[in-house]
Amino acid sequence: MHRFDELDMKLLYELTADGSISVPTLSKKLGINASVLYSRIKRLMKKKLIKKFTIEIDDSLLGIGVKASVGINRDPKFKDSIHKKFMETNEVVSISEVTGRFDIMIKVYAKNLEALHSVVIEKIGKIEGIQNTETFVELQKTDKEPVYLTQ
């Protein structure tokens with residue numbers, strides 16, 4: 001495990017809050033020389049703690065009105081082919097193998113409940129090896145900063 005100091009953690013906190021903040025602005029905010037920050041950020045990327053800088057999208061503006069998690073039980077013989085089918089399904093945005101009563105949990109984005117129903121029944125339910133599904137529609141979501149990012 002890598003060791004990260006207080007400055008590394010402050011950098012992560014600030015960059016998580018605003019990944020587009022400029023290094024000079026960050027330098028003023030933290031009271032640290034900009035060249036030190038550039039090298040620290042580069043080091044954190046090299047160590048793969050920072051994987052990428054990205055944007056956050058308001059999905060509703062793109063017509064995504066429903067998000068759901070779908071718990072799935074599958075025949076183990078079809079594990080790879082099911083995973084491949086999920087990767088080919090545009091509405092599936094994440095796939096996790098899990099412990100518990102399901103084998104897989106997938107996250108599905110859809111325009112509305114009718115479209116979600118269609119994806120679950122017509123696309124997911126008809127994949128060979130799928131034994132059963134249970135859909136959990138997201139009613140409300142609150143994101144919370146991970147404990148390691150609190151100052």
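Here the structure is a predicted model, which means the values were calculated and not measured.

Helices and strands together make up the secondary structure of the protein chain, namely five helices and four strands. Helices and strands appear in the protein chain in the N-to-C order α-α-α-β-α-β-β-α-β. For the protein chain, whose C-alpha radius of gyration is 20 Å, the value lies well above the compact-globule estimate of 15 Å for 151 residues. Referenced to the eigenvectors of the C-alpha coordinate spread, the extents of the protein chain come out at roughly 60 × 35 × 25 Å. Accessible area for the protein chain stands at about 10900 Å²; split by element, carbon and sulfur atoms hold 53% of it. Charged side chains in the protein chain number 25 positive and 21 negative. The centres of these two groups are separated by 7 Å.

Now for helix 1 (residues 6–17). Its twelve residues place the ends of helix 1 17 Å apart at the C-alpha level, agreeing with the 16 Å of an ideal helix rising 1.5 Å per residue. When helix 1 is considered as a whole, its buried residues turn out to be Leu7, Asp8, Leu11, Leu12, Glu14 and Leu15. On its buried side, helix 1 packs onto helix 2 (23–30) and helix 3 (34–46). Of the residues that open helix 1, the one with a side-chain oxygen 3.1 Å from the backbone nitrogen of Leu7 is Asp5.

In terms of nonpolar packing, the biggest core is built from 17 residues, with Ile72, Phe86, Ile106, Val108, Leu116 and Ile124 touching the most fellow members. Of all the elements in the fold, those that place two or more residues in this core are strand 1 (66–74), helix 4 (79–88), strand 3 (104–110) and helix 5 (113–124). When residues no more than four places from it in sequence are discounted, the contact partners of Ile124 are Ile72, Phe86, Val92, Ile106, Val108, Val119, Ile130 and Thr133. Counting 13 residues, the second largest nonpolar core, distinct from the first, contains Leu11, Leu15, Leu30 and Ile50.

On to the domain arrangement of the protein chain. Domain annotation for the protein chain reports domain 1 (6–47) and domain 2 (59–138). Each of domain 1 and domain 2 was reduced to a C-alpha centroid, and the two centroids are 38 Å apart.

It is worth spelling out the packing of helix 1 against helix 3 at this point. Running from N to C, helix 1 and helix 3 cross one another at 85°; their axes reach a closest spacing of 11 Å. Taken together, the axes of helix 1 and helix 3 are roughly perpendicular relative to one another. Residues Leu7, Asp8, Leu11, Leu12 and Leu15 of helix 1 touch helix 3, and the partners they reach there are Val36, Leu37, Arg40, Ile41, Arg43 and Leu44. Here the residues of the contact of helix 1 with helix 3 are counted per class, giving eight nonpolar, no polar and three charged.

An order of 2-3-1-4 is seen for the four strands of this open sheet, with the pairing classed as antiparallel. Two strands lie at the open edges of the sheet, namely strand 2 (92–97) and strand 4 (130–137), each paired on one side alone. Averaged over all adjacent pairs, the angle separating strand axes in this sheet is 20°, with direction ignored. The strands touched by helix 4 are strand 1, strand 2, strand 3 and strand 4; relative to strand 2, the strand with the most contacts, the crossing angle is about 155°. Lying on the sheet, helix 5 is in contact with strand 1, strand 2, strand 3 and strand 4; it crosses strand 4 at an angle near 165°.

Most of strand 3 is tucked away: five of the seven residues are buried. Judged from the seven bridges that link them, strand 1 and strand 3 form a sheet pairing that is antiparallel. Opposite Ala68, over in strand 3, you have Val108 as the bridge partner. Bridging between strand 2 and strand 3 involves five bridges; their strand directions are antiparallel. Looking across to strand 3, one finds that Ile95 is bridged to Ile106. Between the antiparallel neighbours strand 2 and strand 3 lie six residues, among them Gly100 with a positive phi of about 105°.

What counts, and where the lines are drawn
- Residues numbered from 1 in each chain as written.
- Predicted model: local features only at pLDDT ≥ 70, side-chain atom pairs only at ≥ 80, totals over all residues.
- Heavy atoms only, no water.
- Helix = DSSP H or I, 4+ residues; strand = E, 2+ residues; numbered from the N terminus.
- Rg over C-alpha atoms; globule rule 2.2 N^0.38 Å.
- Areas by Shrake-Rupley, 256 points an atom, 1.4 Å probe, with all protein chains shown as cover.
- Lys, Arg positive; Asp, Glu negative; His and termini not counted.
- Charge placed at Lys NZ, Arg CZ, Asp CG, Glu CD.
- Expected span 1.5 Å × (residues − 1).
- Buried < 20%, exposed > 50% of the residue type's maximum accessible area, 1.4 Å probe, protein only.
- Contact = heavy atoms within 4.5 Å.
- Polar contact = N/O pair within 3.5 Å; in protein donor to acceptor, adjacent residues only side chain to side chain.
- Core = buried A, V, L, I, M, F, W, Y, C linked by side-chain atoms within 4.5 Å.
- Domains from an automatic or database assignment.
- Axes fitted to C-alpha atoms, helices over the stretch in contact; angles between N-to-C directions.
- Parallel < 35°, antiparallel > 145°, perpendicular 65-115°, else oblique.
- Nonpolar A, V, L, I, M, F, W, Y, C, P; charged D, E, K, R; others polar.
- Pairing = 2+ DSSP bridges.

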